[in-house]
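Read off the chains here:
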Amino acid sequence: QWRLHLEYWMERFPPQKRLLITFEDMMDDEQGIKEATKLAKFLSEPKELGEEGKGSSGDPGGLVVKGCDINLEAIPCVWTKVVKEHGQDDVGGKMVNLKRRGKKDRPYKKENVDAAILALEEMRAKYEKTEPELAAVLEGYVERARRRETEEDLNSL
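Note that the structure is predicted; figures quoted are calculated from it, not measured.

Undergrad: Give me the lowdown on the overall build of the protein, citing residues and values where you can.
TA: Within the protein one finds six helices and four strands. Written out in order from the N terminus, the α and β elements of the protein read α-α-α-β-β-α-β-β-α-α. Among the 157 residues that make up the protein, the fraction classed as buried is 20%. Within the protein, residue pairs in contact and separated by at least 24 positions form 51% of the contacts whose partners lie at least 6 positions apart.

Undergrad: Mind laying out the packing of helix α1 (residues 2–12) against helix α5 (residues 110–127), listing which residues take part and the relevant values?
TA: Running from amino to carboxyl end, α1 crosses α5 at an angle of 10 degrees, the nearest separation of the two axes being 11 Å. Viewed along their axes, α1 and α5 adopt a mutual orientation that is roughly parallel. Contact with α1, carried on its side by Trp2, Arg3, Leu6, Glu7, Met10 and Glu11, involves Ala119, Leu120, Glu122, Met123, Lys126 and Tyr127 of α5 and no other residues of that element. Its residues assigned to classes, the contact of α1 with α5 shows seven nonpolar, no polar and five charged.

Undergrad: Residue-level account of the nonpolar core, with values.
TA: Soluble globular proteins: nonpolar side chains tend toward being buried together. Counting residues in hydrophobic clusters, the biggest one holds eleven residues: Leu6, Met10, Val113, Ile117, Leu120, Met123, Tyr127, Leu134, Leu138, Val142 and Ala145. Of all the elements, α5 adds the most residues to this core, at five residues. If you look at the next biggest cluster of nonpolar residues, it comprises six residues, including Met26, Ala40, Ile75 and Val83.

Undergrad: A description of α1 should follow, citing residues and the corresponding values.
TA: Residue pairs three or four apart in sequence face the same way in an α-helix, which turns once every 3.6 residues. Every buried residue of α1 is listed here: Leu6, Glu7 and Met10. The arc that holds the buried residues of α1, viewed along the axis, is 95 degrees, so those residues lie on one side. Structural note: α1 exposes Leu4, His5 and Arg12 on the side pointing more than 90 degrees away from its buried face.

Undergrad: Lay out the side chain of Glu131 with the relevant residues and their values.
TA: You can see Glu131 is positioned in the loop between α5 and α6 (132–155). Residue class for Glu131 comes out buried when judged on its relative accessible area of 16%.

Undergrad: Before we move on, can you summarise α5 with the specific residues and values?
TA: The terminal C-alpha atoms of α5, which comprises 18 residues, lie 26 Å apart, in line with the 26 Å expected from a rise of 1.5 Å per residue. Among all positions of α5, only Val113, Ile117, Ala119, Leu120, Met123 and Tyr127 are buried. Projected down its long axis, α5 carries its buried residues within an arc of 165 degrees, all on one side.

Undergrad: Please give an account of the packing of helix α3 (residues 32–44) against helix α4 (residues 75–84) that cites residues and values.
TA: One way to put it is that α3 packs onto α4 with a least axis distance of 9 Å and a crossing angle of 115 degrees. As far as their axial angle goes, α4 and α3 are roughly perpendicular. The way α3 lies across α4 gives a crossing that is right-handed. For the pair formed by α3 and α4, the contact residues are Gly32, Ile33, Ala36, Thr37 and Ala40 on the first element and Ile75, Pro76 and Trp79 on the second. Tallied by class, the residues present in the contact of α3 with α4 amount to six nonpolar, two polar and no charged.

Undergrad: Tell me about the environment of Pro46, residues and numbers included.
TA: With respect to the helices and strands, Pro46 occurs in the loop between α3 and β1 (47–49). Sequence spacing of Pro46 and Cys68 is 22 residues, and the spatial spacing of their C-alpha atoms is 8.1 Å.

Undergrad: Could you give me a rundown of the pattern of salt bridges, with the residues and numbers involved?
TA: Throughout the structure, instances matching the rule amount to 13 salt bridges. Residue Asp29 pairs with Lys84 through a salt bridge whose shortest N-O separation is 2.9 Å. In this pair, Asp29 sits in the loop between α2 (23–27) and α3 while Lys84 sits in helix α4, placing the two residues 55 residues apart along the sequence. A residue is classified by how much of its surface remains accessible, and Asp29, at 57% relative accessible area, is exposed. Of the residues examined, Lys84 reaches a relative accessible area of 34% and is grouped as partly exposed. Of the charged contacts in the structure, one is a salt bridge between Glu128 and Arg124, with a shortest N-O distance of 3.1 Å. Given the relative accessible area of 22%, Arg124 is considered partly exposed. Within the structure, one salt-bridge network assembled from shared partners comprises Arg3, Glu7, Glu11, Glu122 and Lys126.

How each quantity is defined
- Residues numbered from 1 in each chain as written.
- Predicted model: local features only at pLDDT ≥ 70, side-chain atom pairs only at ≥ 80, totals over all residues.
- Heavy atoms only, no water.
- Helix = DSSP H or I, 4+ residues; strand = E, 2+ residues; numbered from the N terminus.
- Buried < 20%, exposed > 50% of the residue type's maximum accessible area, 1.4 Å probe, protein only.
- Contact = heavy atoms within 4.5 Å.
- Axes fitted to C-alpha atoms, helices over the stretch in contact; angles between N-to-C directions.
- Parallel < 35°, antiparallel > 145°, perpendicular 65-115°, else oblique.
- Nonpolar A, V, L, I, M, F, W, Y, C, P; charged D, E, K, R; others polar.
- Core = buried A, V, L, I, M, F, W, Y, C linked by side-chain atoms within 4.5 Å.
- Arc of directions from axis to C-beta.
- Expected span 1.5 Å × (residues − 1).
- Left-handed = near helix turned anticlockwise from the far one by under 90°.
- Salt bridge = Lys/Arg side-chain N within 4 Å of Asp/Glu carboxyl O.

Okay, structure coming up:
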């Protein structure tokens with residue numbers, strides 16, 4: 001499913017109409033605020049919607065959407081509140097945590113990991129010439145999956 005999702009966005013929108021941000025970078029203590037700032041700047045730029053040269057209704061030129069007015073100085077505070085505090089808030093005098101609960105370890109069968117690695121490698125090869133930033137991200141995921149596979153092999157000895 002994620003592969004179809006990725007292909008949809010990569011093939012329908014040119015680079016200036018999309019932004020690549022990884023979950024891992026957004027959650028990272030050092031990279032997170034930089035990524036949030038990158039996102040804010042992207043959202044603040046006006047965008048033309050619709051197909052190239054056509055608006056969403058087929059008229060020439062497309063529909064231009066005004067960018068959001070974003071206070072860039074507030075980004076570290078907003079990022080900390082949303083990402084690091086996981087949406088904790090005082091609701092009716094009681095602290096509520098919106099953080100996901102449940103298992104953090106998700107066991108995968110070797111064939112699942114192998115299939116994911118194959119799909120990631122295929123996607124990396126498909127985009128390595130035209131989208132080097134995406135290819136680098138996909139290669140990082142391949143390396144992480146291989147490390148996980150190796151760790152699980154060692155743990156089963």
